[in-house]
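Here is what each chain is made of, one letter per residue.
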Amino acid sequence: MREHPSSRIDFRSDTVTQPTKAMREAMLSASVGDDVLGDDPTVIELQNRVAKMFGKEAGLFVASGTMSNAIALRTHTVPGDEIVCDKTAHIYRYEGGGYAALCGASIALVDGVGGLMSPEQVRRAVRKAEGSGSHYPNGSLVCVENTSNLGGGACYDQATLDEIAKVAKALDCKTHIDGARIFNASLATGVDVARMCEHYDSVSICFSKGLGAPVGSVLVGSAEFIARAHRWRKMFGGGWRQAGLLAAGCLHALDHHVNRLDEDHSRALVVANMLNALPMFSVDLASVQTNMVYAETTESAADVVAKFAEHGIDMFDLADNRIRVVIHLHITDEDIEQFRAVLDRYWA
Ligand SMILES: Cc1ncc(COP(=O)(O)O)c(C=O)c1O
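These numbers were taken from a predicted model, which means no experiment stands behind them.

Q: When you look at the pairing of strand β6 (residues 174–179) in this model, what are you seeing that I'm missing?
A: Along any regular strand, the residues point their side chains to alternate faces of the sheet. The buried fraction of β6 is high, at six of six residues. Burial along β6 is two-sided: Lys174, His176 and Asp178 and Thr175, Ile177 and Gly179, pointing in opposite directions, are all buried. In terms of strand pairing, strand β5 (residues 138–145) meets β6 through five bridges, oriented parallel. Residue pairing in the sheet places Val144 in a bridge with Ile177 of β6. Crossover β5 to β6 through helix α7 (residues 158–170) is right-handed.

This is the structure in structure tokens:
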């Protein structure tokens, strides 16, 4: 592990990344102010820089990816609305039912492939209240996740993203991208983030995953949308004071940790091929496009995880017969070789 306080090799998630020494120094020397009063210069710099990068008018710095998505969903919808997303979407699976509790919205699930929806599936999933004799909720928001976490880190191609936005707009729906790992998607597809999000109303970008910042996400959109989102952030208890300390970590990540994500993608492919070469494991290699590897196991996944753990290597079993290996900032080639040694010992 590189620049990590533990001797264990941690493949559980890219959320385990810790601020590097250089990032901590940048955070310590940040200029700060009271962000609730709107005068933290480092927060302002981060928000403006991210908004510009994504081709949007404004940005809002918030505590987490979940908060960023929750604010976006709440800003785009009113109670009784319906949100369309893939059945594996983080907003549906892992955000505590916030869409229901905080927005009073229902969700229309799409049976996408590897976490990715098709424009036609989206079109069929949108139900409008108008013309339904008041039977339907009002489909008003379409959310895509890029990269798709449960889809193994797979990315949308640009034509599909554009077409989904077009279908949504034609049905008078707003569009949101959960871009927790959008820089991974951008590097993997070669599409600049502004182009990628051109036809979407809002994007949530996380800094606390592969980018290695300890805390923080930025929500971007039009100035009018962000003004309303700012009020929801306040109501969700997310207005914060000298947040520039944290924003400085995110700015450091933008400068130093974006382009290196390619390294993670290359190592993920090495791991995927290693696993796939063994009869015990099977990996859908086509889905390994960024920093994640999901492998099906013939032996119980919990047993596989336990064996790796005995050798100082941690990962998650996400189902009875599925493990997940995530590559990130702290994983080195030596760590991958140790992973190989455990594979050889038990399953070669
Ligand atoms: C796709 C996706 N969206 C949103 C989130 C939420 O981020 P956070 O854990 O910062 O709330 C995650 C977290 O892993 C994620 O994978």
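Q: Whenever I open this one, the site of the ligand confuses me. Can you help?
A: Looking at the ligand, the residues that line it are Thr15, Ser64, Gly65, Thr66, Asn69, His90, Glu145, Asn149, Asp178, Ala180, Cys206 and Ser208. A total of three residues in the shell around the ligand trace back to one element, the largest contributor, which is helix α3 (residues 65–76). Along the lines of polarity and charge, the residues of the shell around the ligand split into two nonpolar, eight polar and two charged.

Q: Hey, could you run me through the nonpolar core in this one?
A: Side chains that are nonpolar tend, in soluble globular proteins, to be buried together. Counting residues in each nonpolar core, the largest one holds 77 residues, and the members touching the most others are Leu73, Ile83, Val122, Ile164 and Ala247. Residues in contact with Val122, not counting those within four places in the same chain, are Val84, Val110, Met117, Val142, Ile164, Val167 and Ala168. In this structure, Val271, Phe281, Ile323 and Phe339 belong to the second largest nonpolar core, which totals 26 residues.

Q: Please explain the pairing of strand β2 (residues 58–62) as it appears in this structure.
A: Among the five residues in β2, five count as buried, and that is most of the element. Residue alternation in β2 divides its side chains into two sets, Ala58, Leu60 and Val62 and Gly59 and Phe61, and both sets are buried. Bridge count between β2 and strand β8 (residues 217–221): five bridges; the pairing is antiparallel. Counted as the bridge partner of Phe61 is Val218 from β8.

Q: Honestly, the domain arrangement of the protein in this entry has me stumped. Any pointers?
A: For an interface, size is often stated in terms of accessible area lost upon the parts coming together. Domain boundaries in the protein define domain 1 (9–17 + 260–347) and domain 2 (31–255). Computed from C-alpha coordinates alone, the two centres of domain 1 and domain 2 are separated by 28 Å. Across the contact, 17 residues belong to domain 1 and 17 residues belong to domain 2. Of all the elements in the fold, those that place two or more residues in the side of domain 1 that touches domain 2 are α12 (261–276) and β10 (292–297). Sort the elements by how many residues they give to the side of domain 1 that touches domain 2 and α12 lands first, with four residues. Looking at the side of domain 1 that touches domain 2 residue by residue, the classes come out as five nonpolar, eight polar and four charged.

Q: Teacher, can you tell me more about helix α1 (residues 21–28) here?
A: An α-helix turns once per 3.6 residues; consequently, residues spaced three or four apart project the same way. Every buried residue of α1 is accounted for by Met23, Ala26 and Met27. Looking straight down α1, one finds its buried side chains confined to an arc of 100°; they lie on one side. Facing away from the buried side of α1, by more than 90 degrees, are the exposed residues Lys21, Ala22, Glu25 and Leu28. Here the buried face of α1 lies against α11 (244–256).

Rules and cut-offs
Counting from 1, residues in each chain are numbered in the order their sequence is written. Only residues with pLDDT of at least 70 get local features here, since the model is predicted, and only at 80 or more are side-chain atom pairs given and counted; chain-wide, interface and lining totals rely on the full set of residues. Neighbour counting defines burial: a residue surrounded by 20 or more other C-beta atoms within 10 Å of its own C-beta is buried, one with 12 or fewer is exposed, and intermediate counts give partly exposed, using backbone-placed C-beta atoms. Elements are defined by DSSP. Helices are runs of H or I of four residues or more, strands are runs of E of two residues or more, and each kind is numbered from the N terminus. Strand pairing is assigned whenever DSSP detects at least two bridges linking the two strands. By convention, orient the strands away from the viewer: a clockwise path from the first strand over the helix to the second makes the crossover right-handed. Only the C-beta atom, placed from the backbone, is used; a residue is near a molecule or strand if that atom lies within 6 Å of it. Gly is placed with the polar residues, together with every amino acid not listed as nonpolar (Ala, Val, Leu, Ile, Met, Phe, Trp, Tyr, Cys and Pro) or charged (Asp, Glu, Lys and Arg). By convention in this section, buried Ala, Val, Leu, Ile, Met, Phe, Trp, Tyr and Cys residues joined through C-beta atoms within 7 Å make up a nonpolar core. Remark: residues whose backbone-derived C-beta atoms lie within 7 Å of one another are considered to be in contact. What counts as a domain boundary in this text is fixed by an automatic or database domain assignment. Working definition: the arc comes from the directions between the helix axis and the C-beta atoms, pointing outward to the latter.

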